[in-house]
Amino acid sequence: MKKTGKRLLALGLGLMLTAGSVAGCGSSGSGNTTQAASEGTAAPTEGTSAGSAADELTAEEGAEIEITYWEGSQSDKAAWDWAIENLQKDHPEITIKPQVYPSNTYRDQLDTRIAGNDWPDVMRYTYQRLGKFKQTDTMLDLTPYISEENLNDLIPAFRAACTYNGKLIAMPHHTDVIALFYNKKMLESSGIEVPKSIDEAWSWEELTEIARKLKQDNSLDYAMAGIWENSSGYRYLPFIYMNGGALMNEEQTEITMNTPQVLEALKLYESWRKEDLINNVGFTATPAANMMFVANQLAFDFAGSWHCSYMQENMPDGWGVTYMPQRNGKTGSDMGGNGIFAYKETKYPKAAAIVVEYLTAAEQMKGFCEAGNFIPVRESLMKEGINFTAFQDEMKLFMEIAGTIDAKMAADETSVPFQNLNESFNEAMDPMVVDGSSTAEEVAAQLQENMSEILEEYK
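The structure displayed is predicted, hence computed values, not measured ones.

Caption draft 1: Seen up close, the side chain of Glu 66. Mapped onto the elements of the fold, Glu 66 is located in strand S1 (residues 64–70). Among the polar contacts made by the side chain of Glu 66, one reaches the side chain of Arg 113 at a distance of 2.6 Å. Residues within four places of Glu 66 in sequence aside, it is in contact with Lys 97, Gln 99, Arg 113, Pro 120, Asp 121 and Val 122.

Pasting the structure below:
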């Protein structure tokens, strides 16, 4: 890896998501996730910019824009169908070419194209994995195209995640979080009541005891699983941060994986594996958690807000969702969601900028989030509230959980080297998770050494 002297991205601002920002709807938690797609674009949000820099742009003549994205669930598909339909309707001067890849192969397929210098014009990507594009200077500078009024409406942490070296190199699209899905029948038959508020969230110890009971009562091979598979180990990092640990120090100049707080979080997973309380699917393995859960092979599944439609489709009314566990009064969740960026060498930069701005504007973000069960990243929308097309009660809980995202974790996960740090984390965790061939102490030591070498390359 080429060394660079560029400073690491740091987010000094906490997330401003709050539980009270959702407009209550009294939904039963089920419904048609494609409703928004059939109702057209929502009215512009009051109080947001009536215009934008993109409105003043004119797309290049004959502009064709290929947009690559994945669809992780039926609600995700509904949101994208709705967004693309409106984009094509409102910007007929641009030929839109959607390119959808499976969620579990998206990064590999995109990397293969990029290696062959076959870049799409506009791409969807997770915040955590934007670092490699920042470093290689391959993202279109959107600064000349997006108005300051538009940018000021963005939640600061997500605006910072899409800024590098003073340039706006992407636009935030949405966020999402994980929570603890549970099998209603199993918990009811064992007489277990779920927490009704964040303050009542189970402690690590309480969750462990409950998992033991449910495993025994239902003759399960495993009680739990989590969607940190498919090289998404960063989704387990909230356990480290809620315990007071972190990947890096405040200045992001040193790795801090050798602290007691980090080791304790790793030993939690090790203890779950030793008792087969959590499944043995590696962090780099093909996803299995959700499939095992809807097959009634698990009592708990750490899964995402965007998976509600999948759960309902495959396990009708048999599931519920509750808060993430807490450690000494502190809880947390992962910083999910995605940004949208354009390739620097696109043949049609103005058209690409128009597309990025359009997809992330307030009214489009609102419709996308309502259809796809995502959480918006604009202050105006958080204040106004979101009326989701389905799962209103569940999404209210997810919105509340979003307010617990650790600001330091957000800073570390959007730093330039994070993708490589995440890969190191996935690889180091696998031996402990799959067959117990590494201990938590050995994993922590390996992470400290390997991650320090990675970070040194960025100094």
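Moving on from the coordinates now.
Caption draft 2: Summary view of the environment of Leu 110. Mapped onto the fold, Leu 110 is located in helix H3 (residues 106–115). Considered as a pair, Leu 110 and Met 123 are 13 residues apart in the sequence and their alpha carbons are 9.3 Å apart.

Caption draft 3: A look at the nonpolar core. In this structure, Ile 65, Ile 67, Met 224, Tyr 269, Trp 272, Phe 300 and Phe 425 are the most contacted members of the largest nonpolar core, which totals 158 residues. Of all the elements, helix H13 (residues 349–360) adds the most residues to this core, at 8 residues. With sequence-adjacent residues up to four places away left out, Tyr 269 is seen in contact with Trp 228, Tyr 236, Ile 278, Asn 279, Phe 283, Met 429, Met 432 and Val 433.

Caption draft 4: Spatial organisation of the side chain of Asp 430. The residue Asp 430 is located in helix H18 (residues 418–434) in this model. The charged side chain of Asp 430 is buried without a salt bridge, its nearest counter-charge being Arg 273 at 9.9 Å. Of the polar contacts made by the side chain of Asp 430, one reaches the side chain of Thr 284; its length is 2.4 Å. Those residues in contact with Asp 430 that lie beyond four places of it in its chain are Gly 282, Phe 283 and Thr 284.

Caption draft 5: Molecular detail of unusual backbone geometry. The backbone of Ser 231 shows a phi angle near 60°, a positive value even though the residue is not glycine. With respect to the secondary-structure elements, Ser 231 resides in the loop between helix H8 (204–217) and helix H9 (237–242). Even without glycine at this site, Asp 276 takes up a positive phi of about 55°. With respect to the helices and strands, Asp 276 occurs in the loop between helix H10 (260–274) and helix H11 (289–294).

Caption draft 6: Here's a closer look at helix H2 (residues 74–90). Taking 1.5 Å of rise per residue, the 17 residues of H2 would be expected to cover 24 Å, and the 24 Å separating its terminal C-alpha atoms lies within 8% of that figure. Within H2, burial applies to Ser 75, Asp 76, Ala 78, Ala 79, Trp 80, Trp 82, Ala 83, Ile 84, Asn 86 and Leu 87.

Caption draft 7: Quick look at the pattern of salt bridges. Enumeration according to the criterion identifies 23 salt bridges in this entry. Among the ionic pairs, Glu 205 bridges to Arg 327, the shortest N-O distance being 2.4 Å. One end of the pair, Glu 205, is in helix H8; the other, Arg 327, is in the loop between strand S9 (319–322) and strand S10 (338–342), with 122 residues separating them in the sequence. Given the relative accessible area of 46%, Glu 205 is considered partly exposed. Take Arg 327: its relative accessible area is 12%, and that puts it in the buried class. Each member of the salt-bridge network shares a partner with another, and the members are Lys 267, Glu 270, Lys 274 and Glu 441.

What counts and what doesn't
- Residues numbered from 1 in each chain as written.
- Predicted model: local features only at pLDDT ≥ 70, side-chain atom pairs only at ≥ 80, totals over all residues.
- Heavy atoms only, no water.
- Helix = DSSP H or I, 4+ residues; strand = E, 2+ residues; numbered from the N terminus.
- Polar contact = N/O pair within 3.5 Å; in protein donor to acceptor, adjacent residues only side chain to side chain.
- Contact = heavy atoms within 4.5 Å.
- Core = buried A, V, L, I, M, F, W, Y, C linked by side-chain atoms within 4.5 Å.
- Buried < 20%, exposed > 50% of the residue type's maximum accessible area, 1.4 Å probe, protein only.
- Lys, Arg positive; Asp, Glu negative; His and termini not counted.
- Salt bridge = Lys/Arg side-chain N within 4 Å of Asp/Glu carboxyl O.
- Expected span 1.5 Å × (residues − 1).

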